[in-house]
Amino acid sequence: MARPAKARLNLEALRHNIAHARALAPQSKIMAVVKANAYGHGAVVIAQTLQPLADALAVACIDEALELRAAGISAPILLLEGFFEADEVHIAAAENFWLCIDNEWQLNVLEQEKLQQPVQVWLKIDTGMHRLGFAPELSSDAYKRLKSSANVLDEIVLCTHFASADDLLSDQTQEQLDVFNNTCEALPGLRSAANSPGLLGWPESHFDWVRPGYMLYGNSPLAIQHDNAQALRPVMTLSSTIISLHEVKPGESVGYGATWTAQQPSRIATVTIGYGDGYPRLARNGTPVLVNGQRASLAGRVSMDMITIDVTHLPDVKIGDEVILWGDGLPLAEVAACAGTIGYELTTRMPARTRRLVSKA
Ligand SMILES: Cc1ncc(COP(=O)(O)O)c(C=O)c1O
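**Considerations on the overall build of the chain**
Of the regular secondary structure elements, the chain holds 12 helices and 18 strands. Each of the three principal axes of the chain carries a C-alpha extent, and together these read 75 × 45 × 35 Å. Put simply, 62% of the contacts in the chain that link residues at least 6 apart link residues at least 24 apart.

Structure follows, in structure tokens:
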């Protein structure tokens, strides 16, 4: 017997989503971002599925890349934050991990170490996010130093990252694109800027490599509905089952802190899933769930292992019925908004206790 709370992973949806990314950016190579355990989905199974369909993979750090190599993934893997210790560059050279060079310290280390073979470098330019990368006026010098280092393969990729591409009305993305284009003009090399919102909403950001993560998992990062996001299909569907039913009288409350009180005779179903399974504790009363395909809403605070939902309007509901928390038929973003967060955080925080069940279709 197993705990009913589970995350079903639809690998056919994953394949469909990367094909959609390919169709939207046909001139670009695809770097599929699988960091943070593939946004909580399970890095190895996701990388195995994407490897034949992507041109490279990207992770946040060398440990994540080594996990993929140990599982037999042979594709090039970009370390998006480069390296944190000098030893890592030797491993990167041996394992064909590509390095983002984001700052002066990394550049110095890369110049000083003696590598067995040169590494592929992506030079990060800070075009306005001010998190990682060289200031535009320092980029040319960094580029020249990389070009003259025997540790670096000749073809350097120039890259940047957007701060606000999810907001199609923000001016910041165009400003970043202008800075990027101006900075790259004098620096020969392939270019990369687009994350998922860039790929979906900013065609002029596609350049030579796109770097989608979130959209591959079937979710739209865009703040508004967009045609290019309609075709995405959720990879993860989180579900569990009803384990108890209660009749509650008007004036009676439900759950920790008594935050939900019945206004009418109500039927409350207890579902065995909680924040210990990755369902957000901050989901508010009224957050939607699907019971047998019909909408119902959260009633009372999320516990570690259980939630309570109002099924007064669904008289046929019984113990053992399935409840979907997000995924098929219920967009992750809608649930995330009810918890004051984004879908990225919800899947990424999915704990190991929640079984991932892989389905091919
Ligand atoms: C440098 C870089 N590129 C691409 C991505 C993928 O972004 P998204 O998941 O929005 O597609 C990330 C994710 O944070 C990133 O840090």
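**Points about the domain arrangement of the chain**
You can read the domains of the chain as domain 1 (11–225) and domain 2 (236–359). Each of domain 1 and domain 2 has a C-alpha centre, and the two are 36 Å apart. Across the boundary between the two partners, domain 1 contributes 11 residues, which contact 11 residues of domain 2. A per-class count over the side of domain 1 that touches domain 2 returns six nonpolar, five polar and no charged.

**As for helix 6 (residues 104–112)**
For helix 6, the complete set of buried residues consists of Gln 106, Leu 107 and Leu 110. Around the axis of helix 6, the buried residues are gathered within 100° of arc, so they sit on the same side. Along helix 6, the residues that are exposed and aim more than 90 degrees away from the buried face are Asn 108 and Gln 112. Against helix 5 (87–95), strand 5 (97–101) and helix 7 (136–147) lie the buried residues of helix 6.

**Here's the deal with helix 5**
Listed as buried for helix 5 are Glu 88, Val 89 and Ala 92. Looking down the long axis of helix 5, one finds its buried residues gathered within 100° of arc, a one-sided arrangement. The secondary structure elements touched by the buried residues of helix 5 are helix 4 (62–70), strand 4 (77–79), strand 5 and helix 6. Where helix 5 terminates, the next one or two residues include Asn 96, which has phi positive at roughly 55°.

**Overview of the site of the ligand**
The environment of the ligand is made up of Val 33, Leu 80, His 161, Asn 195, Ser 196, Arg 211, Pro 212, Gly 213, Tyr 214, Met 215 and Pro 221. The residue inventory of the shell around the ligand, partitioned by class, reads six nonpolar, four polar and one charged.

**As for the pairing of strand 1 (residues 6–10)**
Two elements, strand 1 and strand 18 (residues 355–359), share five bridges in a ladder whose sense is parallel. Within the sheet, the bridge partner assigned to Lys 6 lies in strand 18 and is Arg 355. In this structure, strand 1 lies alongside strand 10 (residues 236–248), joined through four bridges in antiparallel fashion. Across the sheet, Arg 8 pairs through a bridge with Thr 237, a residue of strand 10.

**With respect to the packing of helix 4 against helix 5**
Closest axis-to-axis distance for the helix 4/helix 5 pair is 11 Å, and the angle between their directions is 30°. Of the possible angle classes, the one that applies to helix 4 and helix 5 is roughly parallel. Remark: the crossing between helix 4 and helix 5 carries left-handed chirality. Within the contact between the two elements, helix 4 uses Ile 62, Ala 65 and Arg 69 and helix 5 uses Glu 88, Ile 91, Ala 92 and Glu 95. Split by residue class, the contact of helix 4 with helix 5 holds four nonpolar, no polar and three charged.

**A closer look at the packing of helix 3 (residues 43–50) against helix 4**
For the pair helix 3 and helix 4, the least separation of the axes is 10 Å and the interaxial angle reads 65°. Classed by the angle they form, the pair helix 3 and helix 4 counts as roughly perpendicular. Crossing geometry of helix 3 relative to helix 4 is assigned as right-handed. Each of Ala 43, Val 44 and Ala 47 in helix 3 lies in contact with helix 4, whose residues at this interface are Glu 64, Glu 67 and Leu 68.

**A closer look at the pairing of strand 16 (residues 307–310)**
Here strand 16 shows two buried faces, one formed by Ile 307 and Ile 309 and the other by Thr 308 and Asp 310. Here four bridges tie strand 13 (residues 266–271) to strand 16, and the two strands are oriented antiparallel to one another. In the strand pairing of strand 16, Thr 270 is matched with Thr 308. Pairing between strand 15 (residues 294–298) and strand 16: two bridges, direction antiparallel. Residue pairing in the sheet places Ser 297 in a bridge with Asp 310 of strand 16.

**Digging into unusual backbone geometry**
Here the phi dihedral of Ala 36 falls at roughly 50°; this positive angle occurs in a residue that is not glycine. Under the C-beta neighbour-count criterion, Ala 36 is labelled partly exposed, with 18 such atoms within 10 Å.

**Description of the nonpolar core**
The nonpolar side chains of a soluble globular protein tend to be buried with one another. Within the largest apolar cluster, 104 residues are counted, with the highest numbers of intra-cluster contacts made by Val 34, Leu 57, Leu 79, Leu 99 and Leu 123. Ranked by residue count, the leading element in this core is strand 5, at five residues. The contacts of Leu 57, once residues within four sequence positions are left out, are Met 31, Ala 32, Val 34, Ala 47, Leu 50, Leu 68, Ala 75 and Ile 77.

The rules behind these values
Counting restarts for each chain: residues are numbered from 1 in the order of the written sequence. Owing to the predicted nature of the model, reporting of local features is limited to residues with pLDDT of at least 70; listing and counting of side-chain atom pairs is limited to 80 or more, with chain, interface and lining totals taken over all residues. Numbering of helices and strands starts at the N terminus; helices are DSSP runs of H or I of at least 4 residues and strands are runs of E of at least 2. We call two residues in contact when the distance between their C-beta atoms, placed using the backbone, is within 7 Å. Domain ranges listed in this record stem from an automatic or a database domain assignment. Ten residues, namely Ala, Val, Leu, Ile, Met, Phe, Trp, Tyr, Cys and Pro, are considered nonpolar, four, namely Asp, Glu, Lys and Arg, are considered charged, and the remaining ones, Gly among them, are considered polar. The exposure label follows from counting other C-beta atoms within 10 Å of a residue's C-beta, where the C-beta atoms are placed from the backbone and the thresholds are 20 or more for buried and 12 or fewer for exposed, leaving partly exposed in between. To be clear, the arc concerns the directions from the helix axis to the C-beta atoms. Each residue receives a C-beta atom built from its backbone; the residue is near a molecule or strand if that atom lies within 6 Å of it. Whether two strands pair comes down to DSSP finding at least two bridges between them. Angular values range over 0 to 180 degrees, each being the angle between N-to-C directions of two axes fitted as lines to C-alpha atoms, with helices fitted over their stretch in contact. Oblique is the label for every angle not falling under 35 degrees (roughly parallel), over 145 degrees (roughly antiparallel), or within 65 to 115 degrees (roughly perpendicular). Put simply, a crossing is left-handed when the front helix is turned counterclockwise from the back one by less than a right angle, and right-handed when it is turned clockwise. Note on definitions: a nonpolar core is a set of buried residues drawn from Ala, Val, Leu, Ile, Met, Phe, Trp, Tyr and Cys, linked by C-beta atoms within 7 Å.

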